[in-house]
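Now for the letters of each chain:
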Amino acid sequence: MTSSNGPENQVKLPSPDYRPIAGILYARFAITFIAVLMEAILIPLVMDQYAWSENRAMVGMAIAVSVAGVLNIIMYFLSGVLSRKFDERLLALLLGLLPMMVGLFLFIPWGHGVIPMQHCDQVNVTDAVPSTTQTVQMQQLSQYQAGMLADDADDDEHCSEGCPPIQEWCYNTPQLPGIQLIIAFIIAIVGFPVAQGILLGIFSKILGPRPQGLWMGVVGTAGSISRIIGPIIVTYIYEEFGTRWCFGILSLINAVALVELALLYRRLIPMKLPNREINAYDGPASPE
């Protein structure tokens, strides 16, 4: 009896299409910023925007992440059902990447709300400054107050809640309305599991029926790189430039992923095999 794995039954597989593979790897990198967003800046964001205490912010975000987990489970299940009826590529773009981009864009504040600023108790240092000239007096006073702020930075008892004065963008950036924050968070979270799950399936089908352990490691690495550098970059941009720049850049990163996958739409198909009998894919995007 001849084994089904014998040389006479083996088919030489063509090389995978590397352009859509590269596109999905970038998209994987981009969508992982949603997880980075929740892990890195949501707690300091609500503390700065709404003058919440650290404990209140942690409890609030724990509830939000729990709700996000439930939504993720529902959307993973729903994306599996929908992928049997609709083209996976459309689902990944319209129900995955597009909502994520819209959600991140909605994090950009507009309106006339004022961010509550942090106020720290300070001693009256007017008499401690030599009365020489007005310029010298103001310089010494500024240096003295800066030293006090640095010494009291770790002592929350001396400072009220709110955005710290060191984040100068808080003075000229409008507050993010609470309802806008909730809507943006839900829209972005709903798109995350759809984009991640379906794109991973498309990635596997592009590779064809070859051993995929190495390639799955590569796509996992793309997400891991985002988790490594994402918190550093996102936190730095948020602290130095504020919500507009932070979420504007994140929106742009996801917009690039959406556009480049839309341009690669016709190439996001399973590998075309010499013998169609071994092509087990039967989805709507099956090649002719």
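Note that the structure is a prediction, hence the values are computed from the model and not measured.

K.L.:
Got a sec to walk through the environment of Glu161? Specific residues and values, please.
P.N.:
With respect to the helices and strands, the residue Glu161 is situated in the loop between helix H6 (134-151) and helix H7 (178-207). Judged by relative accessible area, which is 38%, Glu161 ranks as partly exposed.

K.L.:
How would you summarise the state of the cysteines if you had to cite specific residues and measurements?
P.N.:
If you walk through the whole model with that rule in mind, you get one disulfide. The partner cysteine of Cys163 in its disulfide is Cys170, sulfur to sulfur 1.7 Å. Its S-S torsion of about 50° marks the bond between Cys163 and Cys170 as right-handed, since a negative value means left-handed. Take Cys163 and Cys170: they sit in the same class, and that class is buried.

K.L.:
Before we move on, could you go through the packing of helix H1 (residues 18-31) against H7 and cite the residues and values that matter?
P.N.:
Between H1 and H7, the shortest axis-to-axis distance is 10 Å and the interhelical angle comes to 155°. Judged on the interaxial angle alone, H7 and H1 are roughly antiparallel. Our pair here, H1 against H7, has a crossing hand that is left-handed. Residues Pro20, Ile21, Ile24, Leu25, Ala27, Arg28 and Ile31 of H1 pack against Phe192, Ala195, Gln196, Leu199, Ile202, Phe203, Ile206 and Leu207 of H7. Looking at the contact of H1 with H7, its residues break down into 13 nonpolar, one polar and one charged.

K.L.:
I'd like to hear about the UniProt feature "transmembrane region" (unreviewed entry) in the chain, residue by residue, with values.
P.N.:
According to UniProt, the positions carrying the feature "transmembrane region" (unreviewed entry) are residues 21-45, 57-78, 90-108, 181-202, 214-238 and 244-265. For residues 90-108, the helix share is 89%, the strand share is 0%, and the end-to-end C-alpha distance is 27 Å. With 100% helix and 0% strand, residues 181-202 has end C-alpha atoms that lie 32 Å from one another.

K.L.:
Account for the environment of Met271, naming residues and giving values.
P.N.:
Inspection of the secondary structure assignment puts Met271 in the segment after helix H9 (243-263). Note: C-alpha distance between Met271 and Ile206 (65 residues apart in sequence) is 4.9 Å.

K.L.:
Before we move on, could you go through the confidence of the model for the chain and cite the residues and values that matter?
P.N.:
For the chain, per-residue confidence averages 80 on the pLDDT scale, and residues scoring 70 or more make up 78% of the total. Per-element averaging of pLDDT across the chain places H6 at the bottom with 49 and H9 at the top with 93. Confidence drops under pLDDT 50 across residues 123-134; counting only partners more than four residues distant or on other chains, this segment forms ten contacts. Confidence drops under a pLDDT of 50 for residues 148-156, and excluding neighbours within four residues, the segment shows eight contacts in the predicted structure.

About the cut-offs
- Residues numbered from 1 in each chain as written.
- Predicted model: local features only at pLDDT ≥ 70, side-chain atom pairs only at ≥ 80, totals over all residues.
- Heavy atoms only, no water.
- Helix = DSSP H or I, 4+ residues; strand = E, 2+ residues; numbered from the N terminus.
- Buried < 20%, exposed > 50% of the residue type's maximum accessible area, 1.4 Å probe, protein only.
- Disulfide = S-S within 2.5 Å.
- Axes fitted to C-alpha atoms, helices over the stretch in contact; angles between N-to-C directions.
- Parallel < 35°, antiparallel > 145°, perpendicular 65-115°, else oblique.
- Left-handed = near helix turned anticlockwise from the far one by under 90°.
- Contact = heavy atoms within 4.5 Å.
- Nonpolar A, V, L, I, M, F, W, Y, C, P; charged D, E, K, R; others polar.
- UniProt positions renumbered as here; feature names shortened; annotations may be inferred.
- pLDDT = per-residue confidence, 0-100.

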